[in-house]
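In case you want the letters, here they are:
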Amino acid sequence: MLLLILTITAVALVGYLDANRVRRLFKFKEVSPTPARQVDNDFAEVPDVETVSLSGADAILVVESDQFFTSEGALALRKIVENLEALDHVDSILWMDRIPILNIFGFPQPLFPRAESSDSRFVDAKERALSHPLVGGQLLSRNGRTLLLLINFEWLFVEGDDDVTGRLHDVAAQTLAEFPELDFDFYVTGRVPFYLTILQTQEANAFKFQMIGYSMIGLMSLILFRGPTAVLIVAMAPTLGVFWTLGILRYFDLQLNPFNDVVLPVLLSLVGLTDGVHLMVQIRRLRASGLSGREAARQGISQVGLACALTSLTTAIGFGSLSLAHSQTVQEFGWSCVIGVVLTFIAVVTVIPLACTTFLGRTVHVGHDKGLIDRNLNRIGGLIESVLARSRFISYLAIGSTLAMTLISLSLRPDERRSGALPVHSEAAVGIRHMDEAFGGLEFSAVDVRWSKNVEADSPEVLAVVTQVDELLRSEELIGQPLSIRNFLDTFPGDGKPAERMSMLELMPPPLKRAFYTPERREASVSFRVRDLGIARYGPVFERIEAGLSEIAAEHPEFTLSMTGSAVRRWKQIYQVVMDLVASLGSATVIIFLVLTLVYRSLKIGLISIISNLFPLAVTGTVLVLTGQSLELVSVCAFTVCLGIAVDDTIHFLTRFEEIRAETGDDREAIRSAFTGVGTALIMTTVVLITGFATVLFSDMREQRIFVTMGILTIGSALVGDLIFLPALLSYFSDRNGEAMPLDDPDADRGPESLVEPDTLVAEPAAAE
């Protein structure tokens, strides 16, 4: 046993030491801001022309002020850009002073005047900037108070995270300090800051909340056990299980999963503590009955070990069902939990019995009868009598309420919000919200317009279709700033006829034209912005747009229209959140039902366990509906994880029930003994689990708060299901007349602990003392 502990510890330690590799920054280069185009030999070769892109920036510096179009403001902005470009790792900056010339003669006509220009020149420049298709509403807000600097990095010279986030802000702020009369506000957001903020927050929260959680668990355990050595031994097992898990996960490169830094350690600690408490309660009672430390540990494992193995199996099944999800993050979290549950179970069944045979176990039973719950459990002994006396009413209440709340939970609708993974007050999140208000969103999507060989590239019909698409998008309030060749051609003089307008395409600067029109590929695009309001808000909008595009395509048979972009993909895939929940919860429920039915050799027990385990999930789902929450990716994880935890206490109760029932043949006596025998451990584990989860409520990451809130609701309601509903269901459906149900086969319905030899079992009165 000791050799096994030392071997796993050594393997985990090697994982920790070998994992200090820097590999995050170069992941940015692997993420393409736009999907790669398919190569088609049917198309002519496309000239290699650099195009203007509003959606491909690595980072965005958002500048807010009403002093841009002033002498000092112009000087300060140019100085800020100059100092930023002086940084080795900054490759280029696109802002309104770098926009290609857009006039029919191509004469230089800068949008942003020099600092020595007159006030009237600045007023004219502001009007021209706002009327420029690529500036007004795109790089400069319509009210002229928000300006965007689109920054791309030279990754070869990036030395650390701060280079691509905080250093940009610092350089801008330090430059502004040279202009004390100006009032500028800066926010750094965009693709790279978004990703880094998530990672940095995870790393900052990981240690803090683990320490808070472990401290609260230790304090609550000390209060409940009233024995410091018992608390120390119980705490050793989950602590070692977490250490093993986090070290071994590094062999699979799973340590950077967003749930693994904070949620997984606390989760495994609580799962390990649950089994550890049950095992320790039994060992303490055996020691108090006069057995030696070695014998108490041996009998404790014999009586509770198999039940703990069963709870670990069902918990792993619940976690493992997450591997059916389509999200890689959810799959990795599921497999990480499975690995963690297995290792934590090994830690519990090896460390606790081993420690109880050492000098630490000499006083492990001291205070076992003075625990807060042990001293008060008899006071609620009347509860089980009330439950048994009203078993019919409570059984129907359990079934009816579970079904009713399950139906309510089915009204949950899926949604996803990009900023949900960010701390609410982080600079990246603030920048996203500001861009939603000022520009109609940070995220870009587009409508792709393609035509057949039968249509000439300069055909007026191309512009006619693009114009119809543009007007369709502008009719939707939630669609922000549509942009296409139509917007640029409208700035040229003429009568507005499509034929004349299309002839002016050659007057457009190639970087602008080819950003929205590629004649060699017979395609054009109309881009638009999407706010971070939750992708479900855009469901009806995108449906109306798709219907409108179908009508336009019907009018122009040679054209194909389709929506593309990350927002559109997320909308089309949002139903997958529901399918993932159905797949994970459904498969976990069925497998757990089959396992319990086979282990207890009773279909009736399996069906009863479904009610007691679905009840807490239904409660949680109903609370989400009543509070106006949606079904998000984190909810899928939380529901499945909570099922794995909720079933643990049910198994311990059923195992004790089947053990006593096999001995006495009296169902009601078995229920009473199970209530008093495992009630202490059930209440203990519930209090400790809720306390541990509650510590993460102070996290500034919304997804983590949602996860633990659902965990608290599920674990709390699971106690009601196990101590009230489960006894009533067992009593009513096992013994309708209140008399002991004869057993046709003495071994037919015996649980895992009944496999233990009778002489190794402690009489129930002693166990219940």
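Rules and cut-offs
Residues numbered from 1 in each chain as written. Predicted model: local features only at pLDDT ≥ 70, side-chain atom pairs only at ≥ 80, totals over all residues. Heavy atoms only, no water. Helix = DSSP H or I, 4+ residues; strand = E, 2+ residues; numbered from the N terminus. Buried < 20%, exposed > 50% of the residue type's maximum accessible area, 1.4 Å probe, protein only. Contact = heavy atoms within 4.5 Å. Areas by Shrake-Rupley, 256 points an atom, 1.4 Å probe, with all protein chains shown as cover. Pairing = 2+ DSSP bridges. Core = buried A, V, L, I, M, F, W, Y, C linked by side-chain atoms within 4.5 Å. Salt bridge = Lys/Arg side-chain N within 4 Å of Asp/Glu carboxyl O. Axes fitted to C-alpha atoms, helices over the stretch in contact; angles between N-to-C directions. 1 Å grid on protein atoms, 1.4 Å probe; cavity = no way out; pocket = protein on both sides within 12 Å on 5 of 7 lines; lining within 4 Å. Points joined across faces, edges and corners; volume = space filled by probe spheres on them. Nonpolar A, V, L, I, M, F, W, Y, C, P; charged D, E, K, R; others polar. Polar contact = N/O pair within 3.5 Å; in protein donor to acceptor, adjacent residues only side chain to side chain. Phe/Tyr/Trp six-rings, centres within 6.5 Å; stacked < 30°, edge-to-face > 60°. Lys NZ or Arg CZ within 6 Å of the ring centre and 35° of its normal. Patch = residues over 30% accessible without salt bridge, like charges linked within 9 Å, V, L, I, M, F, W, Y side chains within 5 Å. Expected span 1.5 Å × (residues − 1). Arc of directions from axis to C-beta. Left-handed = near helix turned anticlockwise from the far one by under 90°.

*Asks:* Got a sec to walk through the overall build of the chain? Specific residues and values, please.
*Replies:* For the chain, the helix and strand inventory stands at 26 helices and nine strands. The 769 residues of the chain split such that 57% are buried. Here the analysis covers contacts within the chain between residues at least 6 apart in sequence; of these, 82% occur between residues at least 24 apart. Roughly 32100 Å² of accessible area belongs to the chain as shown, and the carbon and sulfur atoms make up 58% of that amount.

*Asks:* Before we move on, could you go through the pairing of strand β3 (residues 146–153) and cite the residues and values that matter?
*Replies:* Most of β3 is tucked away, with seven of its eight residues classed as buried. Sheet topology places strand β1 (residues 59–64) next to β3; six bridges connect them, and they run antiparallel. For Val63, the partnering residue across the bridge sits in β3 and is Leu147.

*Asks:* Would you mind going over the pairing of β1 in detail, with residue names and values included?
*Replies:* Residues in a regular strand project their side chains so that they alternate between the two faces of the sheet. Taken across its six residues, β1 has six buried, putting it largely inside the fold. Of the two faces of β1, both are covered, the one formed by Ala59, Leu61 and Val63 as well as the one formed by Ile60, Val62 and Glu64. In this structure, β1 lies alongside strand β4 (residues 185–189), joined through five bridges in antiparallel fashion. Considered in β4, the bridge of Val63 is made with Phe186.

*Asks:* Which residues make up unusual backbone geometry, and what values go with them?
*Replies:* Phi angles above zero are rare outside glycine, and Gln481 is one such case at about 50 degrees. Tracing the sequence through the fold places Gln481 in strand β6 (residues 479–483).

*Asks:* So what about the nonpolar core? Which residues, and what values?
*Replies:* Ranked by size, the top nonpolar core spans 109 residues in total, and within it Leu84, Leu149, Phe184, Val469 and Phe542 carry the most contacts. Counting residues in hydrophobic clusters, the runner-up holds 79 residues, among them Ala398, Leu643, Ala674 and Ile706.

*Asks:* So what's going on with the pattern of salt bridges? Which residues, and what values?
*Replies:* Evaluated as defined, the whole model comprises 22 salt bridges. One salt bridge connects Asp58 with Arg191, and the closest N-O pair in it is separated by 2.4 Å. In this pair, Asp58 is assigned in the loop between α2 (27–30) and β1 and Arg191 in helix α6 (residues 191–225), connecting sequence segments 133 residues apart. One salt bridge connects Arg570 with Glu416, and the closest N-O pair in it is separated by 3.9 Å. Placement of Arg570 in helix α20 (residues 566–573) and of Glu416 in the loop between α13 (391–409) and α14 (427–439) is noted, with a sequence separation of 154 residues between them.

*Asks:* Help me get a handle on the sheet that holds β1, residues and values and all.
*Replies:* To summarise the sheet geometry, strands pair through backbone hydrogen bonds and adopt either a parallel or an antiparallel arrangement. Spatially, β2-β3-β1-β4 is the arrangement adopted by the four strands of the open sheet, whose pairing is antiparallel. The open sheet has two edge strands, β2 (90–94) and β4, and neither has a second partner. If you compare each strand with its neighbour and ignore which way they point, the axes differ by 25 degrees on average. Packing of helix α5 (residues 166–176) onto the sheet brings it into contact with β1, β2, β3 and β4, and relative to β4 it is tilted by some 165 degrees. Set on the sheet, α14 makes contact with β1, β3 and β4; between it and β4 the angle comes to about 105 degrees.

*Asks:* Residue-level account of empty space enclosed by the protein, with values.
*Replies:* The full count for this structure, using the stated rule, is ten cavities of 30 Å³ or more. For the largest cavity, the calculated volume is near 100 Å³. Looking at the largest cavity, it is lined by ten residues, and the ones nearest its centre are His278, Gln282, Val304, Arg656 and Val678. Within the residue set of the lining of the largest cavity, elements represented by two or more residues are α8 (263–288), α23 (633–664) and α24 (667–694). Within the lining of the largest cavity, the residues separate by chemical class into four nonpolar, four polar and two charged.

*Asks:* How would you explain the side chain of Ser426 if you had to name every residue and give the values?
*Replies:* One can find Ser426 in the loop between α13 and α14. Accessibility expressed as a relative area gives 12% for Ser426, which makes it buried. Within the local environment of Ser426, its side chain forms a polar contact with the backbone oxygen of Pro423, the two atoms lying 2.9 Å apart.

*Asks:* Give me the lowdown on the packing of aromatic side chains, citing residues and values where you can.
*Replies:* For the structure shown, the criterion picks out 14 aromatic pairs. Their ring planes at 70 degrees and their centres at 5.6 Å tell us that Phe68 and Phe184 sit as a pair that is edge-to-face. You can see Phe68 sitting in the loop between β1 and α3 (71–85) and its partner Phe184 sitting in the loop between α5 and β4, a full 116 residues away along the chain. We note that Phe68, like Phe184, is buried. Here a set of aromatic residues connected by ring pairs shows up, and it is made of Phe68, Phe184 and Phe186. The lysine or arginine in question, Arg418, covers the ring of Phe194, its NZ or CZ lying 5.3 Å from the ring centre.

*Asks:* Describe a nonpolar patch on the surface, and please don't skip the residues or the numbers.
*Replies:* On the surface, Val11, Val14, Tyr251 and Phe252 cluster together into a nonpolar patch covering about 370 Å² of accessible area. As for its placement among the helices and strands, Tyr251 is situated in the loop between α7 (228–248) and α8.

*Asks:* I'd love a proper account of the side chain of Ser612, names of residues and values included.
*Replies:* Locating Ser612 in the fold gives a position in helix α22 (residues 603–626). Judged by relative accessible area, Ser612 falls into the buried class, the value being 2%. Apart from residues no more than four positions distant in its own chain, Ser612 is found in contact with Thr650, Gly721, Asp722 and Leu726.

*Asks:* Any chance you could break down helix α19 (residues 539–555) for me, citing the residues and the numbers?
*Replies:* Here α19 spans 25 Å end to end across 17 residues, near enough to the 24 Å set by a 1.5 Å rise per residue. For α19, the complete set of buried residues consists of Gly539, Val541, Phe542, Ile545, Gly548, Leu549 and Ile552. Buried residues belonging to α19 abut β5 (443–451), α15 (460–474), β6, β8 (523–530), β9 (559–565) and α20.

*Asks:* Help me get a handle on α3, residues and values and all.
*Replies:* For α3, which comprises 15 residues, the first-to-last C-alpha distance of 21 Å matches the rise-based estimate of 21 Å (1.5 Å per residue) to within 8%. Buried residues of α3: Gly73, Ala74, Ala76, Leu77, Ile80, Val81 and Leu84, and no others. Seen from one end, α3 has its buried residues packed into an arc of 165 degrees, which puts them on one side. Contacts made by the buried residues of α3 are with β1, β2, α4 (119–131), β3, α5 and β4.

*Asks:* Give a description of the environment of Leu343 that names residues and reports values.
*Replies:* Inspection of the secondary structure puts Leu343 in helix α10 (residues 328–356). For Leu343, a relative accessible area of 9% translates into the label buried. Through-space distance from the C-alpha of Leu343 to that of Ile8 is 8.8 Å; in sequence the pair is 335 residues apart. If we skip the residues at most four places from it in the chain, Leu343 touches Ile8, Trp244, Thr245 and Ile248.

*Asks:* Which residues make up the packing of α22 against α23, and what are the values?
*Replies:* Between α22 and α23, the shortest axis-to-axis distance is 10 Å and the interhelical angle comes to 145 degrees. Relative to α23, the crossing made by α22 is right-handed. Contacts between α22 and α23 involve Lys604, Ile605, Ser609, Ser612, Asn613, Pro616, Leu617, Thr620, Gly621 and Leu624 from the former and Phe639, Cys642, Leu643, Ala646, Val647, Thr650, Leu654, Phe657, Glu658 and Arg661 from the latter. Considered class by class, the residues forming the contact of α22 with α23 number eleven nonpolar, six polar and three charged.

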